[in-house]
Amino acid sequence: MSRDATRIGALEARIGEEVLLEGWLYNRRSSGKLEFLLVRDGSGTVQCVAAKAELPGDVFARCSTVTQESSVRVRGLVRADKRAPSGVELTLRDLEILSPSHEYPITPKEHGPDFLLNHRHLWIRSQQQHAILRIRHTLVQACRNWLDEEGFTLADAPIFTPSACEGTTTLFETEYFGEKAYLTQSGQLYNEATAMAFGKSYCFGPTFRAEKSKTRRHLIEFWMVEPEVAFAALEDVMRLIERFIEGIVGRVLAARRVELQILGRDLAALERVKAPFPRLSYEEAARTLRERGLPFEWGTDFGGTDETVLTEGYDRPFFVHRFPAAVKAFYMKRDPLDERLSLSCDLLAPEGYGEIVGGGEREDDLERLVERIGEHRLPQEAFEWYLDLRRYGSVPHSGFGMGIERALSWIAGIEHVRETIPFPRMLNRLKP
Ligand code: 4AD
Ligand code: MG
């Protein structure tokens, strides 16, 4: 931005002044004597009104021919306008076209999802996509700030790892100077080490799953925030999760009301997100599914449809806890009251969204953990460092992971996770 330019988001403080804007032409309407130029600069959109009678002929000629997404510099007088979303309008005095845009591919008409995803690098300029990504920014900030204020230390986990965390079927394998390496599926194992160093720690980074699922909930590359707490049991982490979710939703709601409204989000649904959240055991959830006519079998994991059906009847997020150990990862601690079960929990978002958080209590006993590693056919030597955490002052500890895209889909009311990340990586999509 040039030194003498004003950002559109800051125009309300400049009413009555002449300003210089730098941006792109979002849209243009014409009534012959007047041209209405909608200009965006990333911080907002403002209507600039150009009157033929008041402008030099060459300026008005540019105003009536400037094309969608041309980059422009506009000079004009800021006027208050209650009807405008930004609260202001500009009386245009000069227009400079910096670089014209020819036949911009995304027009106001409807486009299919493939077309839009192929043009993702341009699609993010559109009002709705722009709103989603601004909410994402605020959500990420809210997660970090909330945890920081609660005394968590950020200690990020590596992306190249020597072993699996969430099962071997979704690993991305790569070569690391002659050794086998995998892209991380979760920073959890490293968080367990940092929790023993800091008491409360978290990591926040990209994670990768080679999932052959083509659903509205799955990405190949997604971002996860993962807190971990020493001396915490399953119930402690469920309490942490519900306070965290209430906190971040409240912050997004306070800071991004306008963007949520652009997306047509039902704000009352978000205002209801107050802890405590209902808790449902896996047993109860399984029974509910069968009562609702689904052929659900005890001992299996929930599918997308099961989760959607479970969310019916809840107006806020709710927990399902104590899943069968067989459907969960090797590190889950068993329920002392029923060895078939694990001390795990998922948080399901209402309105059909389903799982947004996965977490639980970790096995803290050395011998039992070694046994699990064997049962899951994982190579013990790759986990020796992890086993050290049980050799040197093991304590009960718990944590969770929240996928930013899943959480954002629900918060912003977006049907498909592909719109909640700037450049989605999906099955069969690596571009742009
Ligand atoms: O339930 P998951 O697999 O749990 C873990 O990875 C734990 N190690 C986290 C922990 O305890 N530190 O994944 C956690 C969350 C899910 O609830 C979901 O929000 C998101 O990560 N997630 C995905 N998001 C988008 N696309 C995918 N393919 C996802 N897989 C998981
Ligand atoms: Mg999960």
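This text goes with the structure placed above it.
(A) Structural view of a nonpolar patch on the surface. On the surface, a nonpolar cluster with roughly 390 Å² of combined accessible area is contributed by Phe160, Tyr176 and Phe177. Note on placement: Phe177 falls in the loop between strand S8 (173-176) and strand S9 (179-183). Judged by its relative accessible area of 78%, Phe177 falls in the exposed class.

(B) Structural detail: the pattern of salt bridges. Tallied over the full model, the rule gives 40 salt bridges. Note that Arg322 and Asp335 form a salt bridge whose closest N and O atoms lie 3.3 Å from each other. Of this pair, Arg322 sits in the loop between strand S13 (318-321) and strand S14 (334-335) while Asp335 sits in strand S14; the two residues are 13 residues apart in sequence, bridging distant segments of the chain. On the basis of relative accessibility, which here comes to 27%, the residue Arg322 falls in the partly exposed class. Between Asp338 and Arg340 there is a salt bridge, and its shortest N-O distance comes to 2.9 Å. A cluster of three or more residues bridged by salt bridges with shared partners is formed by Glu235, Asp236, Arg239, Glu242 and Arg279.

(C) View of the nonpolar core. Phe244, Ile245 and Met402 are the most contacted members of the largest nonpolar core, which totals 48 residues. In terms of residue count, the dominant contributor to this core is helix H6 (residues 234-255) (11 residues). Those residues within four positions of Met402 in sequence are excluded, and the remaining contacts are Cys143, Trp223, Met224, Val225, Phe244, Ile245, Ile248, Ile356, Val357 and Ala407. Counting 22 residues, the second-largest nonpolar core is a separate cluster that includes Leu21, Ala50, Val78 and Leu90.

(D) Geometry of the site of ligand 1. Taken together, 23 residues surround ligand 1, and among them Glu166, Gln188, Glu211, Glu226 and Glu355 come closest. Note that an oxygen atom of ligand 1 is positioned 2.9 Å from one of the side-chain N or O atoms of Arg209. Here an oxygen atom of ligand 1 sits 3.4 Å away from a polar atom, N or O, in the main chain of Val357. When atoms are counted within 2 Å of each cavity's grid points, the one that captures over half of ligand 1 is the largest pocket. Counting residues per element, the shell around ligand 1 draws most heavily on strand S17 (residues 354-361), which supplies five residues. Among the residues making up the shell around ligand 1, the classes are represented as seven nonpolar, eight polar and eight charged.

(E) Quick peek at the layout of surface pockets. The space that makes up the largest pocket amounts to roughly 1,300 Å³. Lining of the largest pocket is provided by 49 residues; of these, Glu166, Arg209, Glu211, Asp301 and Glu355 occupy positions nearest its centre. Secondary-structure elements contributing two or more residues to the lining of the largest pocket are helix H5 (188-198), strand S11 (221-230), helix H10 (304-311), strand S16 (344-349), S17, strand S18 (397-403) and helix H13 (404-412). Empty space within the second largest pocket amounts to approximately 690 Å³. For the second largest pocket, the lining is made up of 28 residues, of which Gly44, Thr45, Pro85, Ser86 and Gln127 are closest to its centre. Those elements that place two or more of their residues in the lining of the second largest pocket are strand S2 (34-40), strand S3 (45-51), helix H4 (127-149) and helix H7 (257-262). Sort the elements by how many residues they give to the lining of the second largest pocket and H4 lands first, with four residues. Considered class by class, the residues forming the lining of the second largest pocket number 10 nonpolar, nine polar and nine charged. Taken together, domain 1 (8-99) and domain 2 (118-419) each give at least three residues to the lining of the second largest pocket, which thus spans both.

(F) Quick peek at the pairing of S11. The buried fraction of S11 amounts to eight of the 10 residues, a majority that puts the element mostly inside the structure. With five bridges connecting them, S11 and S18 associate as antiparallel partners. Residue pairing across strands places Glu228 opposite Gly399, the latter belonging to S18.

(G) Inspection of the pairing of S18 at higher detail. When you tally the buried positions in S18, you get seven out of seven residues, the bulk of the element. Residue alternation in S18 divides its side chains into two sets, His397, Gly399, Gly401 and Gly403 and Ser398, Phe400 and Met402, and both sets are buried. In this structure, S17 lies alongside S18, joined through five bridges in antiparallel fashion. Across the sheet, the residue bridging to Gly360 is Gly399, located in S18.

(H) The arrangement of the packing of aromatic side chains in detail. By the definition in use, this model includes 18 aromatic pairs. With centroids separated by 5.5 Å and ring planes inclined at 75 degrees, the aromatic side chains of Trp146 and Phe244 adopt a geometry described as edge-to-face. Pair noted here: Trp146 is in helix H4 and Phe244 is in helix H6, with a separation of 98 residues, a long-range link. You can call Phe244 buried: its relative accessible area is 0%. Ring plane angle 35 degrees and centroid distance 5.2 Å describe the contact between Phe296 and Phe302, whose orientation is recorded as tilted. Looking at Phe296, the relative accessible area reads 7%, which means it is buried. Members of the aromatic cluster, joined through ring pairs, are Tyr190, Phe330, Tyr331, Phe383, Trp385 and Tyr386. In this arrangement the basic side chain of Arg216 is found over the ring face of Tyr353, its NZ or CZ atom lying 5.8 Å from the centre. The aromatic ring of Phe323 is capped on one face by Lys328, whose charged end is 4.2 Å from the ring centroid.

So, how was this worked out
- Residues numbered from 1 in each chain as written.
- Chains lettered and ligands numbered in written order.
- Predicted model: local features only at pLDDT ≥ 70, side-chain atom pairs only at ≥ 80, totals over all residues.
- Heavy atoms only, no water.
- Patch = residues over 30% accessible without salt bridge, like charges linked within 9 Å, V, L, I, M, F, W, Y side chains within 5 Å.
- Areas by Shrake-Rupley, 256 points an atom, 1.4 Å probe, with all protein chains shown as cover.
- Salt bridge = Lys/Arg side-chain N within 4 Å of Asp/Glu carboxyl O.
- Helix = DSSP H or I, 4+ residues; strand = E, 2+ residues; numbered from the N terminus.
- Buried < 20%, exposed > 50% of the residue type's maximum accessible area, 1.4 Å probe, protein only.
- Core = buried A, V, L, I, M, F, W, Y, C linked by side-chain atoms within 4.5 Å.
- Contact = heavy atoms within 4.5 Å.
- Near = heavy atom within 4 Å.
- Polar contact = N/O pair within 3.5 Å; in protein donor to acceptor, adjacent residues only side chain to side chain.
- 1 Å grid on protein atoms, 1.4 Å probe; cavity = no way out; pocket = protein on both sides within 12 Å on 5 of 7 lines; lining within 4 Å.
- Sits in = over half its atoms within 2 Å of the grid points.
- Nonpolar A, V, L, I, M, F, W, Y, C, P; charged D, E, K, R; others polar.
- Points joined across faces, edges and corners; volume = space filled by probe spheres on them.
- Domains from an automatic or database assignment.
- Pairing = 2+ DSSP bridges.
- Phe/Tyr/Trp six-rings, centres within 6.5 Å; stacked < 30°, edge-to-face > 60°.
- Lys NZ or Arg CZ within 6 Å of the ring centre and 35° of its normal.

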